[in-house]
Amino acid sequence: MSRTCELTAKAVQTGNNVSHANNKTKRRFLPNLVNVTLISEALNQNVRLRISANALRSVEHRGGLDAFLAKADVKELSQRARLLKKQIAKKLAEQSVAA
């Protein structure tokens, strides 16, 4: 399992530890990933995703998973999130036609 957020594509970054003597050693900056279950209101189902804590705050700020995916750039989403975005868009289109 890669250390990448499924919604924002936030991934591992590299850098240096720098000592007082200015010695540099390689290090990794890992994203704060959490396993969460989000509710898709359009699909009426729970979705388990591995996202960063920052992405979780963004999802809540935008008003839920459906609203977040509607605005999200397809390039940043994981394969599962892209599929989810298509399913939600299709379901919302069906509901708007039926109403």
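Values in this document were obtained by computation on a predicted structure and should not be read as measured data.

Colleague: I'd love a proper account of the pattern of salt bridges, names of residues and values included.
Modeller: In the structure shown here, the tally under the stated rule is one salt bridge. With a closest N to O distance of 3.5 Å, Glu-6 and Arg-80 form a salt bridge. With Glu-6 in the segment before strand E1 (13-18) and Arg-80 in helix H3 (residues 79-98), this pair connects stretches of sequence that are 74 residues apart.

Colleague: For the nonpolar core, give the residues involved together with the corresponding values.
Modeller: Leu-7, Leu-38, Leu-49, Ile-51, Leu-65, Leu-69 and Leu-84 are the most contacted members of the largest nonpolar core, which has 20 residues in total. Counting residues per element, the ones that place at least two in this core are strand E3 (33-40), strand E4 (45-52), helix H1 (53-62), helix H2 (65-71) and H3.

About the thresholds
- Residues numbered from 1 in each chain as written.
- Predicted model: local features only at pLDDT ≥ 70, side-chain atom pairs only at ≥ 80, totals over all residues.
- Heavy atoms only, no water.
- Salt bridge = Lys/Arg side-chain N within 4 Å of Asp/Glu carboxyl O.
- Helix = DSSP H or I, 4+ residues; strand = E, 2+ residues; numbered from the N terminus.
- Core = buried A, V, L, I, M, F, W, Y, C linked by side-chain atoms within 4.5 Å.
- Buried < 20%, exposed > 50% of the residue type's maximum accessible area, 1.4 Å probe, protein only.

Honestly, it's all geometry; don't read function into it.
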